[in-house]
Amino acid sequence: MIKSNLTWQLMFCVYTVQNKLIVGLAGTTLAILLIWSFIKMRKSKNVDRKTKQTTWWLLLVLVSVITVMIVKLMGLTDIQKQAKPIIKPVKDSTATRDQLERRSQSENYCKAHQVPIYAYTLFVDPEAEVSIRAVDEVVDRALALCYIGLKSEGLEQRDNWTK
Amino acid sequence: MNKDFNITAKLTPSEKAYATAKHPTEQQKIDANWRYESLHVMLWALGFIDSLSYPDQMCNVANDVKIIHGLTAQQFRKNAKLRTKKEILDQADLILRLDWACVDAQTKNKPAPANLDKGVVFERHHSLNWLINYMKQDWDDVTTDT
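Residues numbered from 1 in each chain as written. Chains lettered and ligands numbered in written order. Predicted model: local features only at pLDDT ≥ 70, side-chain atom pairs only at ≥ 80, totals over all residues. Heavy atoms only, no water.

*Asks:* Would you mind going over the overall build of chain A with me for this structure?
*Replies:* Counting its regular elements, chain A contains seven helices and zero strands. Secondary structure elements in chain A, listed N-terminal to C-terminal, are α-α-α-α-α-α-α. Sequence separation of 24 or more characterises 53% of the internal contacts of chain A that already satisfy a separation of 6 or more. Accessible surface, chain A as shown: approximately 11,000 Å² in total, 60% of it carbon and sulfur. (Helix = DSSP H or I, 4+ residues; strand = E, 2+ residues; numbered from the N terminus. Contact = heavy atoms within 4.5 Å. Areas by Shrake-Rupley, 256 points an atom, 1.4 Å probe, with all protein chains shown as cover.)

This is how it looks when you write it as structure tokens:
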């Protein structure tokens with residue numbers, strides 16, 4: 001009973017804990033325990049043949065435990081986590097001159113303020129393809145935004161806006 | 001203000017919903033309050049503000065409101081001088097990169113880098129994307145892709 005509890009606890013450690021020391025100790029103890037159990041059951045005269053056949057499953061568990069141990073101790077999971085996302089950089093040659101100049105200017109600003117810079121290509125549309133809003137549209141937007149902001153403070157009715 | 005500036009006609013559907021709500025939600029009020037940052041960008045685009053400072057703090061609302069408050073609707077419209085396409089695109093490109101830095105930090109559960117205020121950065125990105133007609137989206141639908 002105690003051995004069974006110990007086996008489950010060791011398995012829990014091997015499969016769930018990330019600490020390499022704990023995984024190493026628990027995994028080694030568990031492996032020894034499994035091998036010992038396997039040999040003992042195979043050699044025991046008190047165990048019937050059918051039960052002995054089921055002991056092969058212990059080897060499967062042993063292989064699983066050793067694999068998990070290797071993966072965790074070698075830090076393979078960390079490598080997977082650190083793996084860069086599959087992003088293929090778009091060639092800058094497709095960017096227009098104004099896009100490249102703008103990017104360079106912005107990146108210099110970012111560097112000056114110690115803001116991290118995006119390693120891949122990131123552009124706003126080229127000047128020739130952009131049509132900015134008309135002045136009247138922007139004026140209307142500014143007035144609407146001012147009203148909404150004032151309303152959020154309950155001030156939209158307070159002032160006499162009579163001109 | 002509504003009467004003098006004919007504001008109702010200028011509001012977007014979501015702004016109208018807030019403006020006419022008898023009991024606006026807290027979120028609606030918070031969102032509405034952030035619109036001051038967008039107003040700041042519009043005032044810059046219209047030449048009432050000289051430059052957009054590094055977005056590490058919120059704008060001075062009193063100064064911005066004073067600009068509109070001190071003028072009639074006609075004077076405000078007449079005095080407005082829209083900045084050049086280059087100037088607006090320069091700011092749009094910059095805010096795209098600043099917002100990317102904020103979003104990237106957020107995905108890594110880190111605070112916004114270099115003391116950036118991600119709320120201010122987001123509002124500016126939204127406003128500048130609207131100004132450059134990004135994806136031809138209306139104000140309520142403007143996306144801030146990074």
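Moving on from the model shown.
*Asks:* Where do I start with helix α7 (residues 118-131) of chain B in this structure?
*Replies:* In an α-helix there are 3.6 residues to a turn, and that puts residues three or four apart on one side. Between its first and last C-alpha atoms α7(B) spans 20 Å; for 14 residues at 1.5 Å apiece the expected length is 20 Å, and the two agree. Those residues of α7(B) that sit buried are B:G119, B:V120, B:V121, B:E123, B:R124, B:H125, B:H126, B:S127, B:L128, B:N129, B:W130 and B:L131. Those residues of α7(B) hidden inside the fold are in contact with α7 (135-152) of chain A together with α3 (26-45) and α6 (85-107) of chain B. The residue sitting at the N-terminus of α7(B) and contributing the capping side-chain oxygen is B:D117; that oxygen lies 3.0 Å from the backbone nitrogen of B:G119. Of the residues trailing α7(B), B:N133 is marked for its positive phi of about 60°. (Expected span 1.5 Å × (residues − 1). Buried < 20%, exposed > 50% of the residue type's maximum accessible area, 1.4 Å probe, protein only. Polar contact = N/O pair within 3.5 Å; in protein donor to acceptor, adjacent residues only side chain to side chain.)

*Asks:* For this particular structure, what's the right way to read the environment of B:D31?
*Replies:* All names here are of chain B. With respect to the helices and strands, the residue D31 is situated in helix α3. By relative accessible area, D31 is classed as partly exposed at 32%. Residues D31 and Y18 lie 13 residues apart in sequence; the distance between their C-alpha atoms is 9.9 Å.

*Asks:* Explain the interface of chain A and chain B to me, please; I cannot follow it from the model alone.
*Replies:* Reports often express the size of an interface as the amount of accessible area lost when the parts come together. Between chain A and chain B, the residue contacts involve 47 residues of the former and 56 residues of the latter. Summed over both sides, the interface of chain A with chain B buries roughly 5,200 Å², with 69% coming from carbon and sulfur. Our count for the chain A to chain B interface comes out at five salt bridges. One salt bridge in this structure joins A:R102 and B:D90, with 2.7 Å as the shortest N-O distance. One can count 21 residue pairs in polar contact (both at pLDDT 80 or more) joining chain A with chain B. Mapped onto the side of chain A that touches chain B, the elements with two or more residues apiece are α6 (97-112) and α7 of chain A. No other element matches the 18 residues that α7(A) contributes to the side of chain A that touches chain B. Its residues placed into classes, the side of chain A that touches chain B shows 24 nonpolar, eight polar and 15 charged. (Buried area = accessible area lost by both parts, 1.4 Å probe. Salt bridge = Lys/Arg side-chain N within 4 Å of Asp/Glu carboxyl O. Nonpolar A, V, L, I, M, F, W, Y, C, P; charged D, E, K, R; others polar.)

*Asks:* Help me understand unusual backbone geometry in this model?
*Replies:* What is expected of a backbone is that most residues other than glycine have negative phi and most peptide bonds are trans. With a phi angle near 60°, A:Q114 is a residue other than glycine that sits in the positive phi range. Tracing the backbone through its elements, the reader meets A:Q114 in the loop between α6 and α7. Although it is not a glycine, B:K136 sits at a positive phi angle of roughly 55°. Note on B:K136: relative accessible area 71%, which makes it exposed.

*Asks:* I'm lost on the nonpolar core in this one. Help?
*Replies:* In globular proteins that are soluble, nonpolar side chains generally tend to be buried together. Formed by 58 residues in total, the largest nonpolar core has its most connected members in B:L39, B:M42, B:I68, B:F76, B:L98, B:L128 and B:L131. Where this core is concerned, the elements lending two or more residues are α7 of chain A together with α2 (13-20), α3, α4 (61-69), α5 (73-79), α6 and α7 of chain B. With residues near it in sequence (within four places) discarded, B:M42 still touches A:V138, A:R141, A:A142, A:L145, B:S127, B:W130, B:L131 and B:W139. A:L10, A:M11, A:V23 and A:M69 belong to the second largest nonpolar core, which has 13 residues in total. (Core = buried A, V, L, I, M, F, W, Y, C linked by side-chain atoms within 4.5 Å.)

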